[in-house]
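# Geometric and topological summary
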Amino acid sequence: MSKITRVLLKDYVTGGHAQLSDFVVEDVPAPTKDQLKDNQVLVRPVYFSVDPYQRGRLSGTKDSYVASYEKGKPITNFLVAQVVASASSSFKEGDLVMHNDGNWESEYITDAQNVHKIQPKQGIEPRDYVGVLSMPSYTAYYGTMVLGQPKKGETILVSSASGAVGQMVVQLSKAAGLHVVAFAGSDEKVEHVKKLGADVAFNYKTCGDFLTTLKKLVPQRIDIYYDNVGGPYLDAALAHVNDHARIIICGAITQYNIDSPDQAYAIKNITAVLVRKVRMQGFIILDHMESHHHAEFVDYVSKLYAQGKIQYKTYEIDGLKNGPQAILDLFAGKNV
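Just so we're clear, the structure is a prediction, and the values are computed from it rather than from any experiment.

Let's shift gears to the overall build of the protein. Counting its secondary structure elements, the protein contains nine helices and 13 strands. Its C-alpha atoms give the protein a radius of gyration of 21 Å, within 12% of the compact-globule value 20 Å for 336 residues. Structurally, the protein occupies a C-alpha span of about 65 × 45 × 35 Å along its principal axes. Per-residue burial over the protein gives 49% buried out of 336 residues. Once local pairs closer than 6 in sequence are excluded, the contacts in the protein between residues at least 24 apart make up 66%. Surface exposure of the protein reaches about 16,100 Å², of which carbon and sulfur atoms provide 49%. Each charge sign in the protein was given a centre, from 35 positive and 36 negative side chains, and these centres are 5 Å apart.

This paragraph deals with the sheet that holds strand β3 (residues 40-48). With respect to topology, five strands assemble into an open sheet ordered β6-β3-β4-β5-β7, the strand pairing being antiparallel. Strand pairing shows two members of the sheet lacking a second neighbour, β6 (108-111) and β7 (115-117), which therefore form its edges. The sheet shows a mean angle of 45 degrees between the axes of neighbouring strands, taken without regard to direction. Alignment of β3 against β6, held across four bridges, turns out to be antiparallel. Across the sheet, Val-41 pairs through a bridge with Thr-110, a residue of β6.

Moving on: the packing of aromatic side chains. Counted by the stated rule, this structure contains 14 aromatic pairs. Geometrically, the ring pair formed by Phe-183 and Tyr-233 is tilted, given 5.9 Å between the ring centres and 35 degrees between the ring planes. Placement of the pair is Phe-183 in strand β9 (residues 179-184) and Tyr-233 in helix α6 (residues 231-238), with a sequence separation of 50 residues. Classification of Phe-183 as buried rests on a relative accessible area of 2%. A relative accessible area of 17% means that Tyr-233 is categorised as buried.

In space, the six strands of this open sheet follow the order β10-β9-β8-β11-β12-β13, with parallel pairing throughout. The open sheet is flanked by β10 (200-203) and β13 (279-282), the only strands paired with a single partner. Between one strand and the next, the sheet's axes are offset by a mean angle of 15 degrees, whatever the strand orientation. Contacting β11 (222-227), β12 (241-249) and β13, helix α2 (residues 135-147) runs over the sheet at an angle of about 155 degrees to β11.

For Ile-249, the location among the structural elements is in strand β12. Given the relative accessible area of 22%, Ile-249 is considered partly exposed. Between the C-alpha atoms of Ile-249 and Tyr-225, which are 24 residues apart in sequence, the distance is 8.4 Å. Ignoring any residue separated from it by four or fewer positions in sequence, one finds Ile-249 in contact with Asp-227, Leu-234, Met-280, Gln-281, Gly-282 and Phe-283.

The complete set of buried residues in helix α5 (residues 210-217) reads Phe-210, Thr-213 and Leu-214. For α5, the arc enclosing every buried residue in end-on projection is 100 degrees, short of the 170-degree limit, so these residues lie on one face. Turned more than 90 degrees away from the buried face of α5 sit Thr-212 and Lys-216, all of them exposed. The inward-facing, buried residues of α5 contact β8 (155-158), β9, β10, β11 and α6. In this structure Asp-209 caps α5, since a side-chain oxygen of it lies 3.4 Å from the backbone nitrogen of Leu-211.

A word on the side chain of Asn-228. Examined against the element boundaries, Asn-228 turns out to sit in the loop between β11 and α6. Take Asn-228: its relative accessible area is 10%, and that puts it in the buried class. Residue contacts for Asn-228: discarding those within four places in its chain leaves Ser-159, Ser-160, Val-165, Gly-166, Cys-250, Gly-251, Ala-252 and Ile-253.

Reading the values: rules and limits
Residues numbered from 1 in each chain as written. Predicted model: local features only at pLDDT ≥ 70, side-chain atom pairs only at ≥ 80, totals over all residues. Heavy atoms only, no water. Helix = DSSP H or I, 4+ residues; strand = E, 2+ residues; numbered from the N terminus. Rg over C-alpha atoms; globule rule 2.2 N^0.38 Å. Buried < 20%, exposed > 50% of the residue type's maximum accessible area, 1.4 Å probe, protein only. Contact = heavy atoms within 4.5 Å. Areas by Shrake-Rupley, 256 points an atom, 1.4 Å probe, with all protein chains shown as cover. Lys, Arg positive; Asp, Glu negative; His and termini not counted. Charge placed at Lys NZ, Arg CZ, Asp CG, Glu CD. Pairing = 2+ DSSP bridges. Axes fitted to C-alpha atoms, helices over the stretch in contact; angles between N-to-C directions. Phe/Tyr/Trp six-rings, centres within 6.5 Å; stacked < 30°, edge-to-face > 60°. Arc of directions from axis to C-beta. Polar contact = N/O pair within 3.5 Å; in protein donor to acceptor, adjacent residues only side chain to side chain.

Right, dumping it as structure tokens:
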């Protein structure tokens, strides 16, 4: 009997960082096409995505914007898969599909309505659907272009600028004619961000006092802050914004791995929202996956990417059995 590999959550991660012991990697009997019911497909994942929002899904919390994983059940996330067998008229063997909440299993059966076919595009590879055309890239597009409402000549500050979201924010901002100031957590990442087109980039770990650095590097103040990190960096940005600035709250990675709620960072400069007439808006991109903006994003970014006007660097780990380590690497900042 043939076997497949799958990754399960063993224990909830309620404080601090996840450990390999929180996961189980096991081999189990493979599903077969004989097990398919009407309108189901048997798929074989090719590329899995690993994303920061998964930290919340590991916690077991009941009040988050997306359901937690279940202990003893496979991890799920965005993935690209190939159809192995189909009991649906919409799909045939060999089709490439996206599943926005697909199982971390080397093969599995799902309802056909859960997947959608990938349409071939010039210059686009299957892996690009969990890369340059992935959920994080759409997050960058939606936050920057739809919520940020950029105007040529404005200044944007981008946090975690070499990450999956940040690197796209930098490039989309340059394409929109913005002055881009970016920060990242290593000299290597800073150099990468500069190559992507950032006008100014710096290492927040070695720059000294963060607000002092902002005042020196951005004397004109900030019109848009794309926030992936929260905490003291959001606080500093609030202290250095222009009137009518837009602050896009995409993530708060500095706060994800605290051991208890009383360790959360307390924002001190919130009155700047009033005084500077700031619009601060959080968003969850999962709410907008079916929006017309998604089609706009795919068309716009596909063209820029195929023309070589957008670069996209990925960090890849081979083999599903290494999935837990990929999650750990993400939160340890080892990925690009």
